[in-house]
Amino acid sequence: MSDAIRSLIAGNWKMNGLKASMAEFDAMLAGGGAFAEKTDLLVCPPATLIAAFADKAKGKGVAVGAQDCHQNASGAHTGDLSAEMLVDAGASAIIVGHSERRADHGESDALVRQKAQAVWRAGAIAIVCIGETRAQRDAGQTLDICGGQLKGSLPDGATAANLVVAYEPVWAIGTGLTPTTADVEAVHGFIRRVLTDRFKTEGGRMRILYGGSVKPSNAKELLDVANVNGALVGGASLKASDFLAIAAGC
Ligand code: PGA
């Protein structure tokens, strides 16, 4: 099934990047076209760089996205950015429900669901993140936790065109640790079943990304796992050479 799905390598720059990072992004644009045949590339810089990156990326093989949005379209929410603003700046996809947002800002499944709907309202693709903590994994709760997050975070009306799911075990993010490929296969297979049960044929075509310590040296084996349709990459997406080497693993 995953053979027919176009893969996506998405870079999440988190709170990293200044205007000087344009040189690194330029290198990504220079090398990104090589993957156009079967892989989509997306870079999600901090919001301050979206407009400049999107201007540069026009007509090249790399899309630009955002890392979070507010659920409302506008209003009295000091410091927040709406999905409409991010799309206006040039974002074509927005990550919602990243575990760092869930942990640092107390974001619930219900809020993540509202944010995903806001992303669609603005006309962009929602990348919804889920994943268990180390304690939850050790307690054998991985599938329960992921199932609950999927149920609570995904709005009705999701399609293969407007939704990407990212499975990111919290304990694998930024730690250099990754689950075994057998564990990744089990969780991604479970996510696929949940998506097809709920969204039928659309669920069978949605992209499910793996995220958490993906780097050039482990990308290929993770990307070869059944129902892994790409990767959400944090640290290794900051360097063009690493990011493009990961894309080469698709
Ligand atoms: P990492 O982050 O690749 O640095 O582990 C992944 C993520 O948080 O999306």
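For the structure itself, look to the data block above.
Calculation criteria
Residues take numbers from 1 onward in each chain, read along the sequence in its written order. Only residues with pLDDT of 70 or above have their local features reported here, since the model is predicted, and side-chain atom pairs are shown and tallied only from 80 upward, although totals for entire chains, interfaces and linings are computed over all residues. To obtain the side-chain values, all non-hydrogen atoms of the structure were included, while hydrogens and water were left out. Burial classes follow relative accessibility: with a 1.4 Å probe on protein chains only, a residue under 20% of its type's maximum area counts as buried, one over 50% as exposed, and anything between as partly exposed. The numbering of helices and of strands both runs from the N terminus, where a helix is a DSSP run of H or I of at least 4 residues and a strand a run of E of at least 2. The handedness of a crossover follows from its direction of travel: if, with the strands pointing away from the viewer, the path from the first strand over the helix to the second runs clockwise, the crossover is right-handed. Think of it this way: DSSP has to see at least two bridges between two strands before they count as a pair. For this document, the term salt bridge refers to a Lys or Arg side-chain nitrogen within 4 Å of an Asp or Glu carboxyl oxygen. Inter-axis angles, ranging from 0 to 180 degrees, are taken between N-to-C directions of lines fitted to C-alpha atoms, where helices are fitted over the stretch in contact. Put simply, angles under 35 degrees are roughly parallel, angles over 145 are roughly antiparallel, angles from 65 to 115 are roughly perpendicular, and the rest are oblique. Crossings are sorted by hand: turned counterclockwise from the far helix by less than a right angle, the near helix makes the crossing left-handed, and turned clockwise it makes it right-handed. Contacts are assigned to residue pairs with any non-hydrogen atoms lying within 4.5 Å of each other. Whether a residue is near a molecule or strand depends on its heavy atoms: if one lies within 4 Å, it is near. The definition of a polar contact used here is a pair of N or O atoms within 3.5 Å, where within protein one atom must be able to donate a hydrogen and the other to accept one, and adjacent residues in sequence count solely through side-chain atom pairs. With residues, only the protein chains shown are counted as cover, and all accessible areas are computed by Shrake-Rupley using a 1.4 Å probe. Note on residue classes: Ala, Val, Leu, Ile, Met, Phe, Trp, Tyr, Cys and Pro are nonpolar, Asp, Glu, Lys and Arg are charged, and everything else, Gly too, is polar.

**Details of the pairing of strand 4 (residues 93-96)**
Looking along a regular strand, one sees the side chains alternate between the two faces of the sheet.
Then, in step 1: Side chains of strand 4 alternate between two faces, with Ala93 and Ile95 and Ile94 and Val96 buried alike.
Then, in step 2: Following the backbone out of strand 3 (residues 62-66), through helix 3 (residues 83-89) and into the adjacent parallel strand 4, one traces a crossover that is right-handed.
Then, in step 3: With four bridges joining them, strand 4 and strand 5 (residues 125-130) adopt parallel strand pairing. Among the inter-strand pairings, valine 96 is bridged to a residue of strand 5, identified as valine 128.

**Regarding the pattern of salt bridges**
Then, in step 1: Per the counting criterion, the structure on display carries 17 salt bridges.
Then, in step 2: Residue arginine 198 pairs with aspartate 156 through a salt bridge whose shortest N-O separation is 2.8 Å. Here arginine 198, found in helix 8 (residues 181-205), pairs with aspartate 156, found in the loop between helix 7 (142-153) and strand 6 (163-167); they are 42 residues apart in sequence, far enough to count as distant.
Then, in step 3: A relative accessible area of 55% means that aspartate 156 is categorised as exposed.
Then, in step 4: The structure contains a network of salt bridges with shared partners spanning Asp68, Arg101, Glu107 and Lys115.

**As for the packing of helix 5 (residues 109-121) against helix 7**
Helix packing geometry: the angle between the two helix axes and the distance between the axes.
Then, in step 1: At a closest axis distance of 7 Å, the pairing of helix 5 and helix 7 adopts a crossing angle of 45°. Our classification of the angle between helix 5 and helix 7 gives oblique. Like other packed secondary-structure pairs, helix 5 and helix 7 cross with a definite hand, here right-handed. In contact with Asp109, Ala110, Val112, Arg113 and Ala116 of helix 5, helix 7 contributes Gly148, Gln149, Lys151, Gly152 and Ser153.

**Regarding the site of the ligand**
Then, in step 1: What surrounds the ligand is a group of 13 residues, the closest being Lys14, His98, Glu168, Gly174 and Ser213.
Then, in step 2: At 2.7 Å from an oxygen atom of the ligand is found a side-chain nitrogen or oxygen belonging to histidine 98.
Then, in step 3: Between an oxygen atom of the ligand and a side-chain N or O atom of glutamate 168, the distance comes to 2.6 Å.
Then, in step 4: Contact with the protein chains removes 95% of the 290 Å² of surface that the ligand exposes when unbound.
Then, in step 5: Broken down by class, the residue content of the shell around the ligand amounts to four nonpolar, seven polar and two charged.

**Remarks on the pairing of strand 7 (residues 207-211)**
Then, in step 1: With five of five residues buried, strand 7 lies mostly within the body of the structure.
Then, in step 2: Both faces of strand 7 are covered, namely the face carrying Arg207, Leu209 and Gly211 and the face carrying Ile208 and Tyr210.
Then, in step 3: Note that strand 6 and strand 7 share four bridges and pair parallel. Bridge pairing in strand 7 places valine 164 opposite arginine 207.
Then, in step 4: A crossover connection joins strand 6 to the parallel strand 7 through helix 8; in handedness this β-α-β unit is right-handed.
Then, in step 5: Sheet topology places strand 7 next to strand 8 (residues 230-233); two bridges connect them, and they run parallel. Counterpart to glycine 211 in the pairing with strand 8 is leucine 232.

None of this, on its own, says anything about what the molecule does.
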